[in-house]
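Take a look at the letters that make up each chain.
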Amino acid sequence: MTTRYQEPSPAARAANAVIRWLAEQGVSIAGTRALRVRGRKTGKPRGVVVNVLSADGADYLVSPRGNTQWVRNVRAAGLVEVGPRWRRRTARAIELDDAAKPEVLRRYLARWYWQVKDYVGGLTPDSTDEAMLAVAPAIPVFVLAR
């Protein structure tokens, strides 16, 4: 596991706050969803907006920016709430091993490459499995178990 973290700029933080508010109201922009997780230090619920990848009957959370605050909180809490305020569902988040990440990353990049291209270590949707595996330790991926 790596400690890489690309912190968002103040403009990105402001945009994410607006997009998170919309996601909490049930308005998804390009597949965004509200994610809530218990803070590892305070125990208070923390909210963030994420892209949830649905593939092969499972939902995945990918953190292209690396070891973010929400990733650290998910690791500590193990449970997350996904969805708008009135329809949140609780799920257990299980972190994938690096060997299982290439196919998930490929699908994630096929959908959101335009949005995350600056944060994924030079990967593209057409990157080889070897390239995906080389960068996989720096990109946390979780599967949501119901």
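Presented here is a report on the structure given in the accompanying data block. This one's a predicted model, so the numbers in the text were calculated from it and none came from an experiment.

## Notes on the pattern of salt bridges
Here is step 1: The tally for this structure, following the rule as stated, stands at nine salt bridges.
Here is step 2: For R107, the salt bridge identified is with E103, shortest N-O distance 3.3 Å. Highlighted residues: R107 and E103, both in helix α3 (residues 101-116), separated by four residues, approximately one helical turn.
Here is step 3: The class of R107 is partly exposed, set by a relative accessible area of 31%.
Here is step 4: Between D129 and R106 there is a salt bridge, with its nearest N and O atoms 2.9 Å apart. Residue D129 is found in helix α4 (residues 129-135), and its partner R106 is found in helix α3; the two are separated by 23 residues along the sequence.

## A closer look at helix α1 (residues 10-24)
Side chains three or four residues apart in an α-helix point the same way, a direct result of the helix having 3.6 residues per turn.
Here is step 1: With 15 residues, α1 extends 21 Å between its outermost C-alpha atoms, agreeing within 8% with the 21 Å of an ideal straight helix rising 1.5 Å per residue.
Here is step 2: Inspection of α1 places A12, A23 and E24 among the buried residues, and these make up the whole buried set. The buried residues of α1 all sit within an arc of 100° when viewed along its axis, so they share a single face. Exposed and oriented more than 90 degrees from the buried face of α1 are P10, A11 and V18.
Here is step 3: Buried residues along α1 sit in contact with β1 (32-38) and β2 (45-55).
Here is step 4: Phi turns positive one or two residues past the end of α1, at G26, with a value near 95°.

## With respect to the pairing of strand β4 (residues 79-82)
Remember that side chains alternate between the two faces of the sheet whenever the strand is regular.
Here is step 1: Residues of β4 alternate between two faces, with V80 and V82 buried on one and L79 and E81 left unburied on the opposite face.
Here is step 2: Bridge count for β4 against strand β5 (residues 89-95) is four bridges, and the pairing is antiparallel. Within β5, the residue paired with V82 across the bridge is R89.
Here is step 3: If you look at the hairpin formed by β4 and β5, you'll find six residues sitting between the two strands, and G83 has a positive phi there, around 120°.

Rules of the game
- Throughout this description, residue numbers start from 1 for each chain and increase along the sequence as written.
- Only residues with pLDDT of 70 or above have their local features reported here, since the model is predicted, and side-chain atom pairs are shown and tallied only from 80 upward, although totals for entire chains, interfaces and linings are computed over all residues.
- For the side-chain quantities, the full set of heavy atoms in the structure was used; hydrogens and water were omitted.
- A pairing counts as a salt bridge when a side-chain nitrogen of Lys or Arg comes within 4 Å of a carboxyl oxygen of Asp or Glu.
- In DSSP terms, a helix is any run of H or I states spanning at least four residues, a strand is any run of E spanning at least two, and both are numbered starting from the N terminus.
- For every residue, the accessible area obtained with a 1.4 Å probe (protein chains only) is divided by the maximum for its type, and the residue is called buried under 20%, exposed over 50%, and partly exposed between those limits.
- Here the expected span of a helix is defined as 1.5 Å times the quantity of residues minus one.
- Think of it as the arc spanned by the lines of direction from the helix axis to the C-beta atoms.
- Any two residues having at least one pair of non-hydrogen atoms within 4.5 Å are treated as being in contact.
- Strand pairing is assigned whenever DSSP detects at least two bridges linking the two strands.

Note that every value here comes from positions in space, so none of it alone points to a role or purpose.
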